[in-house]
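An overview of the molecular structure
The chain contents come next:
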Amino acid sequence: MSILLNRASKVLVQGMTGSEGSFHTQQMLDFGTQVVAGVSPGKGGTKHLGVPVFDTVREAVEATGADTAGVFVPPPFAADAIMESSAAGISLVVAITELIPVNDMVRARAFISARGTRLIGPNCPGLMSPGERAKVGIIPNHIANPGEVGVVSRSGTLTYEIIQALARAGYGQSTSVGIGGDPVLGLSFSDVVELFAADEETTLVVLAGEIGGSDEERAAELIGRGYPKPVVGFISGRSAPPGKRMGHAGAIISGTTGSPASKVAALEKAGVKVADTIEQIVELTRERLGAARSS
Amino acid sequence: MSILLNRASKVLVQGMTGSEGSFHTQQMLDFGTQVVAGVSPGKGGTKHLGVPVFDTVREAVEATGADTAGVFVPPPFAADAIMESSAAGISLVVAITELIPVNDMVRARAFISARGTRLIGPNCPGLMSPGERAKVGIIPNHIANPGEVGVVSRSGTLTYEIIQALARAGYGQSTSVGIGGDPVLGLSFSDVVELFAADEETTLVVLAGEIGGSDEERAAELIGRGYPKPVVGFISGRSAPPGKRMGHAGAIISGTTGSPASKVAALEKAGVKVADTIEQIVELTRERLGAARSS
Amino acid sequence: MKLLEHQAKERLRRVGIECPTGLVARSPQEAEKAAQEMGPVVIKAQVPIGGRGKAGGVKLAKTPAEAHAAAAAILSMEIHGYSVPSVLCEEALEIAKEIYLGVTVDRDRRSMVVILSFAGGMEIEEVAEHSPEKIAKLWPDPFAGPQAFEIRELTLQALEAVGGDETLPKARYLAELVPVVQSLFRLSQELDASLCEINPLVVTASGQVIAGDAKIEIDQNAEFRHRDLVRELGPDASAATSGDDPLEVEARRRGLTYVHLGGSVGIIGNGAGLVMNTLDLVKQHGGSAANFLDIGGGAKAEVVKQALEMLLLDPAVQGVFVNIFGGITRGDEVARGLISARDELGMQLPLVVRMTGTREEEGRQLLEAAGITPAVSAPEAARKIVELIGSTGSS
Amino acid sequence: MKLLEHQAKERLRRVGIECPTGLVARSPQEAEKAAQEMGPVVIKAQVPIGGRGKAGGVKLAKTPAEAHAAAAAILSMEIHGYSVPSVLCEEALEIAKEIYLGVTVDRDRRSMVVILSFAGGMEIEEVAEHSPEKIAKLWPDPFAGPQAFEIRELTLQALEAVGGDETLPKARYLAELVPVVQSLFRLSQELDASLCEINPLVVTASGQVIAGDAKIEIDQNAEFRHRDLVRELGPDASAATSGDDPLEVEARRRGLTYVHLGGSVGIIGNGAGLVMNTLDLVKQHGGSAANFLDIGGGAKAEVVKQALEMLLLDPAVQGVFVNIFGGITRGDEVARGLISARDELGMQLPLVVRMTGTREEEGRQLLEAAGITPAVSAPEAARKIVELIGSTGSS
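None of the values given here were measured: they were computed from a predicted structure.

The helix and strand inventory of chain C stands at 14 helices and 19 strands. For chain C, the spread of C-alpha atoms along the principal axes amounts to about 75 × 50 × 40 Å. Expressed as a percentage of the 395 residues in chain C, the buried residues total 61%. In chain C, once contacts between residues fewer than 6 apart in sequence are set aside, the share between residues at least 24 apart is 69%. Carbon and sulfur atoms make up 49% of the accessible area of chain C, which totals about 15,200 Å².

Time to look at the overall build of chain A. Per the secondary structure count, chain A includes nine helices and 14 strands. For 295 residues, the compact-globule estimate of 2.2 N^0.38 gives 19 Å, and chain A sits close to it at 18 Å. Taking the principal axes of its C-alpha atoms as reference, chain A extends roughly 55 × 45 × 30 Å. Residue burial in chain A is summarised as follows: out of 295 residues, 67% are buried.

What follows deals with the pairing of strand β14 (residues 257–260) of chain D. All names here are of chain D. Every second residue of β14 is oriented toward a common face, with Thr257 and Val259 on one face and Tyr258 and His260 on the other, all of them buried. With four bridges joining them, β14 and strand β16 (residues 291–294) adopt antiparallel strand pairing. Bridge pairing in β16 links Thr257 to Asp294.

Contacts between the two partners involve 63 residues from chain A, matched on the other side by 52 residues from chain D. When chain A packs against chain D, the two sides together hide about 4,400 Å² of surface, and 55% of this comes from carbon and sulfur. Taken together, the links from chain A to chain D amount to four salt bridges. Across the pair Arg110(D) and Asp215(A) runs a salt bridge whose closest N-O atoms are separated by 3.0 Å. Taken together, the links from chain A to chain D amount to 14 residue pairs in polar contact (both at pLDDT 80 or more). Counting residues per element, the ones that place at least two in the side of chain A that touches chain D are α1 (19–31), α3 (75–87), α4 (102–114), α5 (156–168), α7 (215–224), β13 (231–236) and α9 (278–289) of chain A. Class assignment for the residues of the side of chain A that touches chain D results in 29 nonpolar, 18 polar and 16 charged.

Next up on the list: the environment of Val184(B). Looking at the secondary structure, you find Val184(B) in the loop between β11 (173–178) and α6 (189–198). Among all residues touching Val184(B), those that are not within four sequence positions of it are Val102(B), Met105(B), Val106(B), Arg109(B), Gly121(B), Pro122(B), Val105(C) and Arg110(C).

When charged atoms on two side chains of opposite charge get close, those side chains can pair. Counted under the stated rule, the structure contains 81 salt bridges over all chains. A salt bridge links Glu84(B) to Arg152(D); its shortest N-O distance comes to 3.0 Å. Taken together, the residues Glu84(B) in helix α3 (residues 75–87) and Arg152(D) in helix α5 (residues 148–161) connect one chain to another. Residues joined in a network through salt bridges with shared partners are Glu5(C), Lys9(C), Lys44(C), Arg52(C), Glu90(C) and Asp213(C).

Now for the sheet that holds strand β3 (residues 41–45) of chain D. Residues and elements named next belong to chain D. Overall, antiparallel pairing links the four strands, which are arranged β2-β7-β3-β4 in an open sheet. For this open sheet the edge positions go to β2 (22–25) and β4 (58–61), each flanked by a neighbour on one side alone. Averaged over all adjacent pairs, the angle separating strand axes in this sheet is 25°, with direction ignored. Across the sheet, helix α1 (residues 5–14) touches β2, β3 and β7 (87–91), and the angle it forms with β7 is around 45°.

Residues and elements named next belong to chain A. According to the domain assignment, chain A contains domain 1 (11–120) and domain 2 (139–294). Its C-alpha centre places domain 1 at a distance of 26 Å from the equivalent point of domain 2. Tallying the contact residues gives 13 residues for domain 1 and 13 residues for domain 2. When domain 1 packs against domain 2, close to 1,100 Å² is buried across both sides, 63% of that on carbon and sulfur atoms. On inspection of domain 1 and its partner domain 2, the count reaches zero salt bridges. Put simply, domain 1 and domain 2 have four residue pairs in polar contact (both at pLDDT 80 or more) between them. Looking at the side of domain 1 that touches domain 2, the elements with two or more residues in it are α1, α4 and β7 (118–120). Its residues assigned to classes, the side of domain 1 that touches domain 2 comprises eight nonpolar, one polar and four charged.

Sheet strands pair via backbone hydrogen bonds, and the direction of the pair is either parallel or antiparallel. All names here are of chain C. Strands sit in the order β2-β7-β3-β4 across an open sheet of four strands; the sheet is antiparallel. At either margin of the open sheet sits one strand with a lone partner, and together these are β2 (22–25) and β4 (58–61). On average, adjacent strands in this sheet sit at an angle of 25° to one another, irrespective of strand direction. In this structure, strand β3 (residues 41–45) lies alongside strand β7 (residues 87–91), joined through five bridges in antiparallel fashion. Pairing of Val42 across the sheet is with Glu90, part of β7. Contacts from helix α3 (residues 64–75) reach β2, β3, β4 and β7 within the one sheet, and its direction differs from that of β4 by about 170°.

Residues of chain A with pLDDT of at least 70 account for 93%, and the chain-wide mean is 90. Residue range residues 245–256 of chain A is modelled with pLDDT below 50. Its contacts to residues more than four positions away, or to other chains, number 46 contacts.

Enumeration over the complete set of coordinates arrives at six aromatic pairs over all chains. Ring geometry for Phe111(A) and Phe149(C): centres 6.1 Å apart, planes at 90°, overall edge-to-face. Here the residue Phe111(A) occupies a position in helix α4, and Phe149(C) occupies one in helix α5 (residues 148–161), the pair thus bridging two chains. The pair Phe111(A) / Phe149(C) is uniform in exposure class, with both members buried.

Turning next to the domain arrangement of chain C. All names here are of chain C. Domain assignment breaks chain C into domain 1 (1–20 + 94–244), domain 2 (21–92) and domain 3 (246–394). The gap between the C-alpha centroids of domain 1 and domain 2 is 23 Å. Each partner contributes residues to the interface: domain 1 has 16 residues there, and domain 2 has 17 residues. Where domain 1 abuts domain 2, roughly 1,300 Å² becomes buried across the two surfaces, and 52% of that area is made up of carbon and sulfur atoms. At the boundary of domain 1 with domain 2, the tally comes to four salt bridges. Across the pair Lys9 and Glu90 runs a salt bridge, and its minimum N-O distance is 2.5 Å. Counting across the domain 1 and domain 2 interface gives nine residue pairs in polar contact (both at pLDDT 80 or more). By residue number, the principal contributor to the side of domain 1 that touches domain 2 is helix α1 (residues 5–14), which donates four residues. Of the residues that constitute the side of domain 1 that touches domain 2, the class distribution is five nonpolar, three polar and eight charged.

Of the residues in chain C, 95% reach a pLDDT of 70 or more, and the chain-wide mean stands at 89. Scoring of the predicted complex yields 0.90 for pTM and 0.91 for ipTM.

Another point: helix α11 (residues 301–312) of chain C. Residue and element names in this part refer to chain C. Helix length check: α11 (12 residues) gives 17 Å between terminal C-alpha atoms against 16 Å at 1.5 Å per residue, within 8%. Listed in full, the buried residues belonging to α11 are Ala301, Val304, Lys305, Ala307, Leu308, Met310 and Leu311. Along its buried surface, α11 packs onto α9 (246–253), β14 (257–260), β15 (265–269), β16 (291–294), β17 (319–326) and α12 (331–345).

Per the counting criterion, the structure on display carries zero disulfides over all chains. With no disulfide partner, Cys89(D) has as its closest neighbouring cysteine sulfur the one in Cys19(D), 16 Å distant.

Residues Leu12(A) and Leu12(B) are the most contacted members of the largest nonpolar core, which totals 151 residues. If we skip the residues at most four places from it in the chain, Leu12(B) touches Ala37(B), Val39(B), Val57(B), Ala60(B), Val61(B), Ala66(B), Thr68(B), Ala69(B), Gly70(B), Ser85(B) and Ile90(B). Core analysis: the next-biggest nonpolar cluster, separate from the first, contains 52 residues, Ile96(A), Leu127(A), Ala144(A) and Val272(A) among them.

All names here are of chain C. Residues Glu123, Glu125, Glu126 and Glu129 make up a contiguous surface patch of negative charge. Looking at where Glu125 falls in the secondary structure, it is placed in helix α4 (residues 124–130). With relative accessibility at 64%, the residue Glu125 sits in the exposed group.

Next up on the list: the environment of Pro76(A). Following the sequence through the fold, Pro76(A) ends up in helix α3. Between the alpha carbons of Pro76(A) and Thr97(A) there is a distance of 9.9 Å; along the sequence they are 21 residues apart. Contacts of Pro76(A), omitting those with residues within four sequence positions, involve Asp104(A) and Phe224(D).

What counts as what
- Residues numbered from 1 in each chain as written.
- Chains lettered and ligands numbered in written order.
- Predicted model: local features only at pLDDT ≥ 70, side-chain atom pairs only at ≥ 80, totals over all residues.
- Heavy atoms only, no water.
- Helix = DSSP H or I, 4+ residues; strand = E, 2+ residues; numbered from the N terminus.
- Buried < 20%, exposed > 50% of the residue type's maximum accessible area, 1.4 Å probe, protein only.
- Contact = heavy atoms within 4.5 Å.
- Areas by Shrake-Rupley, 256 points an atom, 1.4 Å probe, with all protein chains shown as cover.
- Rg over C-alpha atoms; globule rule 2.2 N^0.38 Å.
- Pairing = 2+ DSSP bridges.
- Buried area = accessible area lost by both parts, 1.4 Å probe.
- Salt bridge = Lys/Arg side-chain N within 4 Å of Asp/Glu carboxyl O.
- Polar contact = N/O pair within 3.5 Å; in protein donor to acceptor, adjacent residues only side chain to side chain.
- Nonpolar A, V, L, I, M, F, W, Y, C, P; charged D, E, K, R; others polar.
- Axes fitted to C-alpha atoms, helices over the stretch in contact; angles between N-to-C directions.
- Domains from an automatic or database assignment.
- pLDDT = per-residue confidence, 0-100.
- Phe/Tyr/Trp six-rings, centres within 6.5 Å; stacked < 30°, edge-to-face > 60°.
- Expected span 1.5 Å × (residues − 1).
- Disulfide = S-S within 2.5 Å.
- Core = buried A, V, L, I, M, F, W, Y, C linked by side-chain atoms within 4.5 Å.
- Patch = residues over 30% accessible without salt bridge, like charges linked within 9 Å, V, L, I, M, F, W, Y side chains within 5 Å.
- Lys, Arg positive; Asp, Glu negative; His and termini not counted.
- Charge placed at Lys NZ, Arg CZ, Asp CG, Glu CD.

As structure tokens, then:
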């Protein structure tokens, strides 16, 4: 098993005919993902990469039964694409696009929340369930490794680092989820941590946070109320000077929450071992799980 | 019994300290209505007509448990008042105010629908349950008469005519509801007719429509699918020339629905006897109910 | 309040909707000059009423001389009762396709509705009546407005409804209509418009999408939010909403809800339903109503006086029937207004008053003291006024 | 993109929020003339940075001569690294009360937030830190915006939080703040502002509610929707968002996501999380990072070249560590950018590259062909660059 995405998931890709959309759809297909439709307004009725293309998500859903959407459309149109999938009944939307105006995301988030749609991202690497040969997003195929560790991270590239380091030590992933680095996101750490709790395949969770916001603190609260699996934590940005804005990740340290110290303290209070380096994530995982079984 | 409003209803009045609000709140109190609060921003903490006044509906609801609101505030502020009551958990809002901009009402209607609040009006006389000594709105007290007829009408003054004519013949009302004459309304004829179906006290329903829209036609459809009580219909505006706009009631005849002929035909097809005059409403009521019992 | 075409297009331009270059001319000379600057132009009567095309109020002029002649002809016209103070001289478009686009209120849905049809142009009303399936509709969330994806869905639906349209590639329609619809909707909200309509939305031979004509009507209940616009457009714009009848225009100037019907019994009542029923009663008793006049809820004496004055402007009125059932309206206020109006205006015509409801007794006493006997019921009052006017009065 | 005070106030005025009369002066003479017209004025430095009051950039001038002197002093200042090209001469307000009002993004709530406090003015940051309970917040529906009733509830909450305020009667506060908050929110939406702030919102001795100061910052991701504004404000406004560091200003001019940190190891990476982790790694290995520079997802060779060029502008940089983990970013693109930049810029400093992920192999081959050996892991790369720079390099 896995969370959010499995071999039965039927994926459509919004913006599939664009350059990024094409490249990564091919990667998703190569990985084994059931990509059943592309959506590009005006190109309905054609095929691309062997996948039928539709003008609207609604048509794609009606024709193919798609339940999951990957969003690769450019920033000015991305929030609309997210809302379109939600309105058409897609249950999980994965928005890869970065640089979406924050107001657009505030509105899209309100729109999809009212319709019960789950969103991952935006400005995220997406998610991958290696044992299910299913991925939506841009996590490189070659680092995937089926296994028992659930990974949830804010950052894209850091997620890859962690997956790769775990893989080298022989630990695979049930599902890896990059929740994204924008100020306004879909699923939070808490949401994903809760999903991992209920997933049989997952035996340990790696939570990789960073400075800014208080999503890590809230996940710590959740874990502190009793969590059935070991959790390994990691917080990046510890050497960032307070008050410096670290890129469009919107990582602004404000008040006492948001600082690396606050996040580490909250996690440790909840009984989470917090690693100082990526190498230490692997060590703590080994400590908790014993020698790798999937290697 | 009655529909929507009974002796247990706790009513707050928005705009109670204004001239219309004061006058009609006194009438409501005289009728026996439990008016538990007034809301006038800035006058919170005072009393008016012996009733405590609050700055916000939320405070009034918290302090008094009010569940029903009457809106007497001027048109520019009326839609906001409706939304305020809805947001504070009021379950029935009765908006008397007329001349509210239609866009305001479209928005208010969407707002309250999302919260499950019932709205009567705007631009309506409100409702009255004589046997329960409860009224919200402006239906004159002296015409009230407890009884078994449920009255639902678009027009305010026409409602009074009908109540009075029925009363003179000895028929009282379970509840009389004026749903209002604006283009964008809360409860429709269908909604009220459905409520009357389930009310034990009500043995016959008088439905008084007018030209414009297709609410009467849709109520006829509902009745046509099987309705447990006799219904007497009436349509005013039969001598209005087609295409003439009859005041801010927004009564524009468009296409084939909306015309008096269409409405009368739809009602008759559903088995509803349609009266030509108010006197005939009384006659048809007598035909269906026999001699008045409440006289 | 209706905007003239050129006023409406000015608003469309402000929200980014493409409109043809145009100049307003108040004389044939100005029209000639415009044509000298612009080349071939269409000369269009600026009147706040539909159907001007069929009435001859729109002419193509290929040369300045033709522009002069066309403007002279149109400026001397009367179109459905309106004189033509100005014409709009617009660059002539090479029309490849006419689309209908409108935003208005859908009372059955309690919502705003966006209406789109690829069978646009002058025949849209016929389409609406005989082939309503060719019209696609969208009911947007009033706060969010129509989203881009919703407009693409609407566009596809409208295209399918006419079996497709090849004037532009599908991708262009899907892209071009999104900002036009969003801007038009936004404009309708900003202006509190009860109608914002572009008909035709023209696709030109070169593939440009541009507003051929535009109608904007402001919700009269929302005029308090648009004082500047009311001032800018002047009282005629407000007055024009009710139609082309001079009495109705006058009534609007006075702020009264009045419809001229042409009979001999002047009607004043409170509440649209009651007034409509009063019309029905007068007809049932063999009379003919001169008008619909609703003084609304809570009318004060001054409004009643204004209403009576209004009725007396209609030379066909031979008697007046006042029908008041007081809820929010109070009998004493109505009585005071009637008495002072009758006295000040020196009214000699028969006056029948039926009054009941709130402060009925006080009103009745005032009327009786002034020598006016109220009727006991509305049907009785109807019978009485028809009797008093006599058979000569019915038209 | 930050607006200067006078630019922000111009926007407030357009949406109906009252602001003091003001004139922009670029010389002491102009300030003197303004004071002659306006009477006593406040002279305020127009710089895109907070804290100018404490830095002496705001002076009261009671006479034209004082205005001349104050403007001369302020125009020759440097405030947190910014020269002062102009001052705003504003009518002096008789301040009875200072309110804080702001609209910004609340990332924890995934929402816009309206912030209101009756403990406004210069001390708001202290209030936020030590008495956060004195600040009231509202999270409006993003489509509907704050409703009037919600603003009244917010106002009451803010009043209660400070134990009431008698400067104005409660009814006036409830009435006056509604349009100000609604207009400010609408403005924030129209401008895609990440921050719209009025601090202080002044209640004057005569009871007028008026914006004393205003800050507006536009979301840089939304600048594509505000091309006109970007053009109007010029590149300095965009550049100012990241702070007052000249290197950061320059980076913004080049469109790079860069933060100056002051150490000796120049850092380039893709993804904020990875770059932050790279900083941590450098520190863990005894080095000090010169900067944060995130080339983002899918960066092309040209961007990589720009990034390297940027790093070399920092004289403290003694070596460069490039850390790329390709997802949407491709190794070959990064390699091409690095090689051409190194060659064109004639870069002599140590360069350590760690590259893995999408098109890793192609990138690695390109680097090796150009004589750059990639490190096998990020920690190894960190160790290597710190070694190459040597102990003299760490600050």
